[in-house]
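These are the residues of each chain, in order.
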Amino acid sequence: MAQALLWQKSTYSGGGEGDTCVELAAALGFIRLRESDSPATHLRTTATPLAGLLLHLKSGH
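Model, not experiment: these values are computed from the prediction. (Residues numbered from 1 in each chain as written. Predicted model: local features only at pLDDT ≥ 70, side-chain atom pairs only at ≥ 80, totals over all residues. Heavy atoms only, no water.)

Caption draft 1: Representation of the layout of surface pockets within the structure. The volume enclosed by the largest pocket comes to roughly 370 Å³. Along the walls of the largest pocket sit 15 residues, with S10, L24, L33, L50 and L54 positioned nearest its centre. Elements supplying a minimum of two residues to the lining of the largest pocket: β2 (22-27), β4 (42-45) and α1 (47-58). For the lining of the largest pocket, the element with the most residues is α1, which contributes six residues. (1 Å grid on protein atoms, 1.4 Å probe; cavity = no way out; pocket = protein on both sides within 12 Å on 5 of 7 lines; lining within 4 Å. Points joined across faces, edges and corners; volume = space filled by probe spheres on them. Helix = DSSP H or I, 4+ residues; strand = E, 2+ residues; numbered from the N terminus.)

Caption draft 2: Layout of the environment of R32. Examined against the element boundaries, R32 turns out to sit in strand β3 (residues 30-35). For R32, a relative accessible area of 15% puts it in the buried group. On a C-alpha basis, the gap between R32 and T45 in space is 6.4 Å, while along the polypeptide they are 13 residues apart. Sequence-distant contacts of R32, that is, excluding residues within four places in its chain, are made with L5, W7, E23, L24, A25, A27, H42, L43 and R44. (Buried < 20%, exposed > 50% of the residue type's maximum accessible area, 1.4 Å probe, protein only. Contact = heavy atoms within 4.5 Å.)

The structure is reproduced here in structure tokens:
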């Protein structure tokens, strides 16, 4: 049986109930990302590349 993912909304998504939120879920050593307005489509990565992406985005590049 597949493990159900527990999606968590990003704190930077504005806190509202709209569909403009980034959500993350962790399972089996991977992190999954999706947009709440398109929940069937998600990306799968690990912590190191995700941390690199977040550092790059925060740097303003």
